[in-house]
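# An overview of the molecular structure
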Protein chains: 2
Amino acid sequence: MNKEAKISIIGFGNVGSHLSKALVNNGFTIHQIYNRTKIDPSKFTGSQNVNVINDIELLDCHANVFLFCLKDDALAPLLTKTQFTDQLLLHTAGSLDLEVFQNKSKNYGVFYPLQTFSKERNINFHEIPICVEANNSSALNNLKDLASKLSDKVYAMNSEQRKYLHLAAVFAANYTNAMYGIAQEIAEAKNIPFEILRPLIKETADKVMEFLPKAAQTGPAIRNDEAIMNSHIKLLDEELKLEIYHLLAHYIKQKR
Amino acid sequence: MNKEAKISIIGFGNVGSHLSKALVNNGFTIHQIYNRTKIDPSKFTGSQNVNVINDIELLDCHANVFLFCLKDDALAPLLTKTQFTDQLLLHTAGSLDLEVFQNKSKNYGVFYPLQTFSKERNINFHEIPICVEANNSSALNNLKDLASKLSDKVYAMNSEQRKYLHLAAVFAANYTNAMYGIAQEIAEAKNIPFEILRPLIKETADKVMEFLPKAAQTGPAIRNDEAIMNSHIKLLDEELKLEIYHLLAHYIKQKR
């Protein structure tokens, strides 16, 4: 993918904005940005003077690459308003099939960055794993070429694998954050500030950068320490948290 | 606590070994180390020539401070074999009462470092929150003085708060690691290496170093994205994981 390729971004949410920034940082020019509502992309695109449109009818369908960074259910309706021939169409979603682009272009694929993005946080895009898939080998080569200019970690993956990976990511990120939230609630109910838990959270994540989770498992459940678990169960007065405590203790014990 | 104080370590597991290292690194001399089985502490105590004993009868009960770093149920039986008067007795456990030391000495307390320790990993002890509690104000002052020489984060906390904090830590660390484990299993079943999830795990933890978990929550459950959640549920063929998926989705949705 040469740096003169005309790349357009469709949807400027968390993914679209960070991806735009990564493109600009790696010497690409962004041809057009479409977003349903008015945006100022300059925080992410820097000094590049990008053509921003809020009306999809104004999209230049002759650019070379289109990166769709939309909510899953927004993509198909929007595609009906566009007319492509052989442009490389890419979406960035974990759970959407490749074939959502079928009959829209001769070349299409998936560019799925496995990361949690928020506008407030800077992210080193080169460290983000990018999962790629395409409908033909030439599209795949173009896509791999583009992805490898933005990230050091490019993985070819089919749609089924990507769906499972997205599910795994729900546990690794969303449900992990829910654990942090439960910990926060339990601590704050006893006037203990959340900050006291931060070094523990950091070390727990750092451990699995080096080891696999199974080797890193600690705590009363893996030791089958019934005395401690019973004392914890007595402290939990909320039914839902109690159920979660039991179920996860059971999961961990089962893996011993 | 002056640096000539005679400090002894009872139990040289993960906590005892890291605590010994922190003492040595901060200019303290370790008077004695007791451990049930034979150990070589030199990896943690460096060039200090420490008196190591494996028989509790050989414990010099006239040292100034005793740091008990034992499994919860090992402390009380071991205490029956010792004879103290006013020495400062401290345990390092999250869920044990202060009063386990009652009648054993005039001065006692709790020195609870909130961290997950493993022998293989170096840890900056100065960043570990230490929760302290003592039976009188002079013991508490001595304890705070000692703790503040080892860590920049010392919190006074009563036994009830400490028990809830220990429970919170189970969620923040042990159950978080279980989430990593589930993610690993789902990925590996489809020949996806765990390493692809590591940047996501790291960023998820890093986010709550800056924000509170509630503000950092993302994913299909918090968006109440039924389409994605239903597609995930179809992928989960193991009953236990399915139950965990449902229960945590429910917890997150409830917090919207």
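Above: the structure in question.
Residues numbered from 1 in each chain as written. Chains lettered and ligands numbered in written order. Predicted model: local features only at pLDDT ≥ 70, side-chain atom pairs only at ≥ 80, totals over all residues. Heavy atoms only, no water.

## Section: the overall build of chain A
For clarity, the cut-off: Secondary structure counts use DSSP, requiring at least four H or I residues in a row for a helix and at least two E residues in a row for a strand, with both numbered from the N terminus. Exposure is judged per residue with a 1.4 Å probe applied to protein chains only, and the accessible area is read against the type maximum: over 50% gives exposed, under 20% gives buried, and values in between give partly exposed. Throughout, a residue-residue contact means that at least one pair of heavy atoms, one from each residue, lies within 4.5 Å. Methods summary: accessible areas were calculated by the Shrake-Rupley approach with a probe of 1.4 Å, and residue burial reflects only the protein chains presented. His is not counted here, nor are the chain ends, while Lys and Arg score as positive and Asp and Glu score as negative. A charge is said to be at NZ when it belongs to Lys, at CZ for Arg, at CG for Asp and at CD for Glu.
The secondary structure content of chain A amounts to 10 helices and eight strands. Its C-alpha atoms give chain A principal-axis dimensions of roughly 70 × 35 × 35 Å. When the 256 residues of chain A are sorted by exposure, 57% land in the buried category. In chain A, the proportion of contacts linking residues at least 24 apart, taken out of those at least 6 apart, comes to 52%. When the accessible surface of chain A is summed, it comes to about 10,800 Å², and 46% of that surface belongs to carbon and sulfur atoms. Across chain A, the 28 positively charged side chains and the 28 negatively charged ones have centroids separated by 2 Å.

## Observations concerning the sheet that holds strand 1 (residues 7–10) of chain B
All names here are of chain B. To keep things clear, this is the line we draw: Strands pair, by our definition, only if DSSP identifies at least two bridges between them. To get an axis, fit a line to the C-alpha atoms, keeping to the stretch in contact for a helix; angles then go from 0 to 180 degrees between the N-to-C directions.
If you walk across this open sheet you meet the eight strands as 3-2-1-4-5-6-7-8, and the pairing is mixed. With partners counted over all chains shown, the strands left at the sheet margins are strand 3 (51–53) and strand 8 (154–156), one partner each. Along the sheet, successive strands turn relative to each other by an average axial angle of 20°, direction set aside. Pairing geometry for strand 4 (residues 65–68) and strand 5 (residues 88–91), over four bridges, is parallel. Residue pairing across strands places leucine 67 opposite leucine 90, the latter belonging to strand 5. Seen against the sheet, helix 4 (residues 137–150) touches strand 1, strand 4, strand 5, strand 6 (107–113), strand 7 (130–134) and strand 8 and runs at an angle of roughly 165° to strand 7.

## Points about unusual backbone geometry
In this structure, A:Asn191 is a non-glycine residue whose phi angle is positive, near 60°. Here A:Asn191 is to be found in the loop between helix 5 (159–189) and helix 6 (198–210).

## Some words on the environment of A:His18
Residues and elements named next belong to chain A. Quick note on the threshold: Whenever two N or O atoms come within 3.5 Å, that pair is a polar contact, provided that in protein one can donate a hydrogen and the other can accept it, and provided that, for residues adjacent in sequence, both atoms are side-chain atoms.
Assignment of secondary structure puts histidine 18 in helix 1 (residues 14–25). Along the primary structure histidine 18 and serine 137 are separated by 119 residues, whereas in three dimensions their C-alpha atoms are 27 Å apart. Once residues within four sequence positions are removed from consideration, histidine 18 is found in contact with Phe44, Phe117, Ser118, Lys119, Arg121, Ile123 and Phe125. A polar atom in the side chain of histidine 18 sits 2.9 Å from the backbone oxygen of serine 118.

## Some words on the relation of the copies chain B and chain A
How we decide: The copies were overlaid with a least-squares fit restricted to C-alpha atoms from residues scoring a pLDDT of at least 70 in each copy.
When chain B is fitted onto chain A, the two copies agree to an RMSD of 0.0 Å after a turn of 180° and an axial shift of 0.0 Å. In symmetry terms, the pair is related by a two-fold rotation axis. Closest to the rotation axis within chain B is the C-alpha of B:Thr176, separated from it by 2.6 Å. A shared binding surface is used by both copies, with 100% of the interface residues of chain B retained as interface residues in chain A.

## Observations regarding the nonpolar core
This is how the line gets drawn: Put simply, a nonpolar core is a bunch of buried Ala, Val, Leu, Ile, Met, Phe, Trp, Tyr and Cys residues held in one set by side-chain atoms that sit within 4.5 Å of each other.
Membership of the largest hydrophobic core comes to 128 residues, with the highest contact counts inside it found for A:Leu197 and B:Leu197. Once residues within four sequence positions are removed from consideration, A:Leu197 is found in contact with A:Ala183, A:Gln184, A:Ala187, B:Leu114, B:Leu165, B:Ala168, B:Ala169 and B:Ala172. Core analysis: the next-biggest nonpolar cluster, separate from the first, contains 32 residues, A:Val24, A:Val50, A:Val65 and A:Ile123 among them.

## Thoughts on the packing of helix 9 (residues 226–235) of chain A against helix 5 (residues 159–189) of chain B
A pair of packed helices is captured by two measures, namely the crossing angle of their axes and the spacing between those axes. What counts here: Working definition: roughly parallel below 35 degrees, roughly antiparallel above 145 degrees, roughly perpendicular at 65 to 115 degrees, and oblique for all remaining angles. Each residue is assigned to one class: nonpolar for Ala, Val, Leu, Ile, Met, Phe, Trp, Tyr, Cys and Pro, charged for Asp, Glu, Lys and Arg, and polar for all the others, Gly among them.
For the pair helix 9 of chain A and helix 5 of chain B, interaxial distance at closest approach is 10 Å and the crossing angle is 105°. On the basis of their axis angle, the class for helix 9 of chain A and helix 5 of chain B is roughly perpendicular. Residue-level inspection shows A:Ile228, A:His232 and A:Leu235 of helix 9 of chain A in contact with helix 5 of chain B, the latter providing B:Lys163, B:Tyr164, B:His166, B:Leu167 and B:Val170. Of the residues belonging to the contact of helix 9 of chain A with helix 5 of chain B, the class tally is five nonpolar, two polar and one charged.

## Points about helix 4 (residues 137–150) of chain A
Residue and element names in this part refer to chain A. Selection criterion: The length a helix should cover is 1.5 Å for every residue beyond the first. The arc refers to the directions leading from the helix axis to the C-beta atoms.
Relative to the 20 Å expected for 14 residues at 1.5 Å per residue, helix 4 spans 20 Å between its end C-alpha atoms, a close match to the ideal helical length. Three or more residues of helix 4 are buried, namely Ala139, Leu143, Leu146, Ala147 and Leu150. Taken end-on, helix 4 shows its buried residues confined to a sector of 95°, consistent with a single buried face. Facing away from the buried side of helix 4, by more than 90 degrees, are the exposed residues Ser137 and Asn141. Where helix 4 starts, the residue carrying a side-chain oxygen 3.1 Å from the main-chain nitrogen of serine 138 turns out to be asparagine 136.

## Quick notes on the pattern of salt bridges
Counted only if it meets this: Here, a salt bridge means any side-chain nitrogen of Lys or Arg that lies within 4 Å of a carboxyl oxygen of Asp or Glu.
For the structure shown, the criterion picks out 22 salt bridges over all chains. Between A:Glu210 and B:Arg121 there is a salt bridge; the shortest N-O distance is 2.6 Å. With A:Glu210 in helix 6 and B:Arg121 in the loop between strand 6 and strand 7, this pair bridges two chains. Note on A:Glu210: relative accessible area 46%, which makes it partly exposed. Between B:Arg162 and B:Glu133 there is a salt bridge, and its shortest N-O distance comes to 2.8 Å. Of the two residues, B:Arg162 is situated in helix 5 and B:Glu133 in strand 7; the sequence distance between them amounts to 29 residues. There is no split in this pair, since B:Arg162 and B:Glu133 are both buried. In the salt-bridge network here, residues are joined through shared partners; they are A:Glu185, A:Glu238, A:Lys241 and B:Lys255.

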